[in-house]
Amino acid sequence: MIPSAFDYAAPATVLEALGLLAAADSAGDDVKVLAGGQSLIPVMKLRLADPAMVVDLGRIEGLRGVTDDGDALLIGAMTPHHVIANDPLVAAHVPLLAMAAATVADPQVRHRGTFGGALVHADPAGDMPAPVLAAGATFILAGPGGERRVEAANFFEGYFTTAVREGEILTHIRVPKYTGWGAHYEKFTRVAQQWSIVAVAAMVLVQDGRIAQARVGLTNMSSTPLRASSLEQALAGAELSVEAIAAACEHAADGTDPASDLNGDAAYRQHLAKVLAKRALIAAAGL
Amino acid sequence: MTATAEVGSAEVGKARLRKEDRHLITGRSRFTDNMVLPGMLHIAMVRSPYAHAKITAIDTAQALASPGVIAVLTGADVAGEQGSLPNAWPITPDQKAPAHPAIAVKEVAFSGEVVACIIARSAAAARDAVELVDVSYDELPIVLDLAEAATDKVLAHTSLESNRSATWVFDSGEAGTGQPIAEALANAEVLIERTFHQQRLIPAFMEPRSTVVDPTGEQITMWSATQIPHILRLMLALTLGIPESKVRVIAPDVGGGFGGKLQVTPEEVITVLAARHTGKPCKYTETRSESLQAAHHGRAQVQRLKLSATREGIVTGLDVNLLADMGAYLGLVTSGVPILGAFMYNSIYKFPAYRFECTNVFTNKAWTDAYRGAGRPEATFAIERLMDELAVELGMDPLELREKNWIKHEEFPFTTVCGLEYDSGNYEAATAKAVELFDYDGLRAEQAQRRAANDPVQLGIGISTFTEMCGLAPSRVLGSLAYGAGGWEHAQVRVLPTGNIEVVTGSSAHGQGHETAWSQLVADKLGVPFENVEVLHGDTQVSQRGLDTYGSRSLTVGGMAVLAAADKVIEKAKVVAAHLMEASGDDIEFSAGNFTVRGTDRSTSLGEIALATFAAHNLPDGFEPNLDSDATFDPVNFSYPHGTHLAAMEVDTETGAVHIRKYVCVDDIGVVVNPLIVEGQVHGGLAQGIAQALYEEAVYDDAGTLVTGSFVDYLVPSAPDLPHYVTGLTETPSTTNQLGAKGVGEAGTIASTPAIVNGVLDAVRHLGVKDILMPCTPSRVWHALEEAKTADAAQSNGGVQ
């Protein structure tokens, strides 16, 4: 469990970090950005990754914490999961994020691992991408050409692949407020500390005894997190009842393409998505 | 019914905190990987990525040129000196096995086999050079499936004519211990035929294996994360042709083993070879991935079973036909593991006819060997699953069925259909206590309600009784089974001038708590304070003789040796006491650390005698001036702990998720020395048994690569996944050792696996599910439910009532 030798830099500013990335790129060196290190360090120790250089964002000011940004929350990419799980602004406006963050791995990982790091790592079984997708967040990237914004729908491109290009750094995530919405993250694992086999991130706006709107994200049902669009459509305007939710959840796995592995085949995952969506939505709707 | 008169009650039975824990918890431990010797070099292994291949060439030039690299050894380099790793248990005279070089020379037979080793100045330099060794392979056909391997269509080794290593048979008719099985099966009113699969497991001890070898002194000194320093010393000498007296093996703090460190490993031999070639101390510490891939695995059997019974539920016979997966090679006791189970399929029952046949088969996977319980969990699983199947078939309560068949407490000693003599037991008492703690009737009522309500979460009740032969083992019995060694244990009790006691035990602890338990034994025996006893072990220069720790043998064999040595100390001290008090030796009585002259108030303490003996100013003529005593204890019989385990299992029929609602176990392990240690052993054992039922499986892909190569995929449960156990004890002392102890190390592992699986099946049997492979993952449970929906409803077994 000894990684290959690598150069290490801990810049103090985003600009300095971008300079290091640019320099490494122009030298043809493989460079990795280190956030909390909870995924990168293990794969380096297994030598599944052997970057020539690691740029550690840990000393850059201003990349941590949650701030109120009007109709949204602005969350620093280096904010640890533990903070997301316990932040009062998150709890008030996007509790779904807090619920999902609280299910990530174990306390040590939640204190080290970061929100932005998990999103850029884009593990299809990771817990943070689906809620962020469901929330329709905006990703703020810093790059050689300045700042650029990417909508969540365009951010996750494939297995461990995102819209963050070489030379760019994710600095903030802007998550719209869903004040007053019900939320629930339903995660299914075989043991307590495990990647999601399937998980469902659900937010529901209940008005006048009906489901006015629902936003549902699926974890590990494809190479990227997915929006359960058919389900959302079926729920829009639906009666607020267990039966109506259950009926709509027959669409939870529409358009999904989950992998088969030791924890279950695709058919099982698609079945799970329906069951978990039902449970998540019932809980989110307060039924 | 507690301790015998010879042992007092002050310490034995007390829940002492463990002496060992202070240094372990505060990080003052010394594991092998903590050893740093002057000039020490580091080893990294180059391992085969292929499950079966010819090695056609190895180019080490680039690796040798890598910074810090001192040497690279290939199989060809050491072919003349590495010997063949030992198999100490040739179960039949015609057992076949391939040569087992520490570094493969011409052919590799499993993915992860060592093909070269790098010796470098640092662990990082060694690791960096691994990728620089260019090994050319010609891939060979592989065989992974056990049943397919038994057909010999593909051979796991080109050097063998067959994958079948040996076939071992026990037949109660032929042995004269029971009736012929053929008659029992032919006359069966009810015949239950089932095939069960014992999946491949990985011991997954916490401390990865590590070895340091110092060749620079008079002796070759090896520190190793091993359960068996004494056996390892002997086997290294035999394998490498080094005089045994020139080898010293030290097992410092060892972080668990579970049988996984009951081995003479390629890595240990390679570290010796590396130290020999370089003339410097060398260290090898495996990574977790290497540990999962190349340390020996366990279980991996297919069990084809036929159980005959009457309509009244009296079992009349059992026929067991096994295929046992050896993996690619035979390790130290690989071949004998199924045989350890052969005598346990009848368990606590007294049916008259039994036949056991096991064929050991090679495959292109990591080799298997002992894993907690070794053979006995497999046997218990088979019979306890069959008892539930029979109960379903007869529509009988599974507890009632078991009681009809088990040996009644008044029938002990009882000679079983296998010819073993069970000395004691009380299955009625343990079961009654378990049933009471469990609220069996209440849970059965709730189960009925949930079924009636078609609750999405169904409830099942799993039962397993068990007994095991432990206290391994009477040497004569091992001899009759062709095992390569005896089963005795050695101890020395030394009395220091201050009256402090040193206990040297050959039973090498690696987490069991020997230091505490042996101190309790000796404190009572010699009447000295617990704190004044020091237990020494795990170094062949300190403890010259021993057969180490495995098979729940430490207390019942090693502990008895300690007591026997202490008895000898008392006898020697009596001679001195009589001399000092000018009395006849026959008049000296010993109690609670004091020697008194019968009928007088004259008295002297062990401490005073210790000092007088040390001074040697006034000793009887010819008396050697020390009280130290040795004893070697060879048990006359195995010990037979038993117990009844009950599991209430909730199955979420929507997701297939399985939850342990309640787990009750009542074990009878005879006299308990330390209830706290016993509780810990039971909890750990249960966790490992439950893990087999629900979580763990070593899975290979079609190319023979281990898929479960990290703890992301090899799922070891942790505390949140396991229930609060309700544990209880009954105490039926063993009659074959002076303490009445029976052994606890494997109990929880043996009984919990069938209890859990029986419970899962009981929850969903009324829905048409007949069996689920272990581990019973949510996916497997859900698929079983789906398949049952489409199966003919008329075939439903109806469930246990």
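The rules we used
- Residues numbered from 1 in each chain as written.
- Chains lettered and ligands numbered in written order.
- Predicted model: local features only at pLDDT ≥ 70, side-chain atom pairs only at ≥ 80, totals over all residues.
- Heavy atoms only, no water.
- Helix = DSSP H or I, 4+ residues; strand = E, 2+ residues; numbered from the N terminus.
- Rg over C-alpha atoms; globule rule 2.2 N^0.38 Å.
- Areas by Shrake-Rupley, 256 points an atom, 1.4 Å probe, with all protein chains shown as cover.
- Lys, Arg positive; Asp, Glu negative; His and termini not counted.
- Charge placed at Lys NZ, Arg CZ, Asp CG, Glu CD.
- Buried < 20%, exposed > 50% of the residue type's maximum accessible area, 1.4 Å probe, protein only.
- Contact = heavy atoms within 4.5 Å.
- Buried area = accessible area lost by both parts, 1.4 Å probe.
- Salt bridge = Lys/Arg side-chain N within 4 Å of Asp/Glu carboxyl O.
- Polar contact = N/O pair within 3.5 Å; in protein donor to acceptor, adjacent residues only side chain to side chain.
- Nonpolar A, V, L, I, M, F, W, Y, C, P; charged D, E, K, R; others polar.
- Expected span 1.5 Å × (residues − 1).
- Pairing = 2+ DSSP bridges.
- Axes fitted to C-alpha atoms, helices over the stretch in contact; angles between N-to-C directions.
- Patch = residues over 30% accessible without salt bridge, like charges linked within 9 Å, V, L, I, M, F, W, Y side chains within 5 Å.
- Phe/Tyr/Trp six-rings, centres within 6.5 Å; stacked < 30°, edge-to-face > 60°.
- Right-handed = clockwise from strand over helix to strand, strands pointing away.

## Looking at the overall build of chain B
A tally of helices and strands in chain B yields 22 helices and 28 strands. The globule rule puts the C-alpha radius of gyration for 801 residues at 28 Å, and the 28 Å found for chain B is close to it. Projecting the C-alpha coordinates of chain B onto the three principal axes gives extents of approximately 90 × 75 × 50 Å. About 27,700 Å² of surface is accessible on chain B, with carbon and sulfur atoms providing 52% of the total. Of the side-chain charges in chain B, 60 are positive and 98 negative, and the distance between the mean point of each set is 2 Å.

## Section: the side chain of B:Ser734
All names here are of chain B. Residue position: serine 734 is located in the loop between β28 (725–730) and α21 (747–764). Overall, the relative accessible area of 5% leaves serine 734 in the buried class. Filtering out sequence-adjacent residues up to four positions away, serine 734 remains in contact with Asp423, Ser424, Gly740, Ala741 and Lys742.

## Some thoughts on the interface of chain B and chain A
Counting residues at the interface gives 28 residues for chain B and 22 residues for chain A. Both sides together, the interface formed by chain B and chain A hides about 2,100 Å², and carbon and sulfur atoms give 60% of it. Applying the counting rule to chain B against chain A returns five salt bridges. For the salt bridge of B:Asp128 with A:Arg47, the shortest nitrogen-to-oxygen distance reads 2.7 Å. Counting every contact that joins chain B to chain A gives 11 residue pairs in polar contact (both at pLDDT 80 or more). Put simply, the parts of the chain that give the side of chain B that touches chain A at least two residues each are α4 (123–130) and α22 (778–790) of chain B. Here the residues of the side of chain B that touches chain A are counted per class, giving 14 nonpolar, seven polar and seven charged.

## Here's the deal with helix α12 (residues 266–284) of chain A
Residue and element names in this part refer to chain A. The terminal C-alpha atoms of α12 lie 26 Å apart, and with 19 residues this matches the ideal 27 Å at 1.5 Å per residue to within 8%. Three or more residues of α12 are buried, namely Tyr268, Arg269, Leu272, Ala273, Val275, Leu276, Ala277, Ala280, Leu281, Ile282 and Ala284. Looking at the residues trailing α12, positive phi occurs at glycine 286, about 75 degrees.

## Some remarks on the sheet that holds strand β24 (residues 603–605) of chain B
Residues and elements named next belong to chain B. Reading across the sheet, the three strands line up as β22-β23-β24 and stay open at both edges, with antiparallel pairing between neighbours. Only two strands of the sheet have a single neighbouring strand rather than two, namely β22 (588–591) and β24. The average undirected angle you get between the axes of adjacent strands in this sheet is 25 degrees. By the bridge criterion, three bridges tie strand β23 (residues 594–597) to β24 in an arrangement that is antiparallel.

## Concerning the pairing of β22(B)
Residues and elements named next belong to chain B. The alternating pattern of β22 places Ile588 and Phe590 on a buried face, while none of Glu589 and Ser591, on the opposite face, is buried. Pairing between β22 and β23: four bridges, direction antiparallel. Of the residues in β23, the one forming a bridge with glutamate 589 is threonine 596. Between β22 and the antiparallel strand that follows it, β23, lie two residues; alanine 592 among them carries a positive phi value of about 50 degrees.

## Here we look at a nonpolar patch on the surface
A cluster of nonpolar side chains, contributed by A:Met1, A:Leu46 and A:Leu48, occupies part of the molecular surface with about 290 Å² of accessible area. Within the secondary structure, A:Met1 sits in the segment before β1 (7–9).

## Quick notes on the packing of aromatic side chains
Residue and element names in this part refer to chain A. Summed over the entire model, instances satisfying the criterion amount to 21 aromatic pairs over all chains. Between phenylalanine 139 and phenylalanine 155, the aromatic rings sit 3.6 Å apart at their centres with planes inclined by 5 degrees, giving stacked as the arrangement. On the criterion of sequence distance, the pair formed by phenylalanine 139 in strand β6 (residues 138–143) and phenylalanine 155 in helix α9 (residues 152–155) is long-range, its members being 16 residues apart. Each member of the pair, phenylalanine 139 as well as phenylalanine 155, carries the same accessibility label: buried. Aromatic side chains phenylalanine 139 and phenylalanine 156 sit 5.9 Å apart centroid to centroid with 90 degrees between the ring planes, which places their arrangement in the edge-to-face category.

## With respect to the pairing of strand β2 (residues 31–34) of chain A
Residue and element names in this part refer to chain A. Pairing analysis gives four bridges linking β2 to strand β3 (residues 53–56), with the strands arranged parallel. What sits directly across from leucine 34, in β3, is aspartate 56. Assessed by its sense of winding, the connection that carries the chain from β2 through helix α2 (residues 40–45) to β3 is right-handed.

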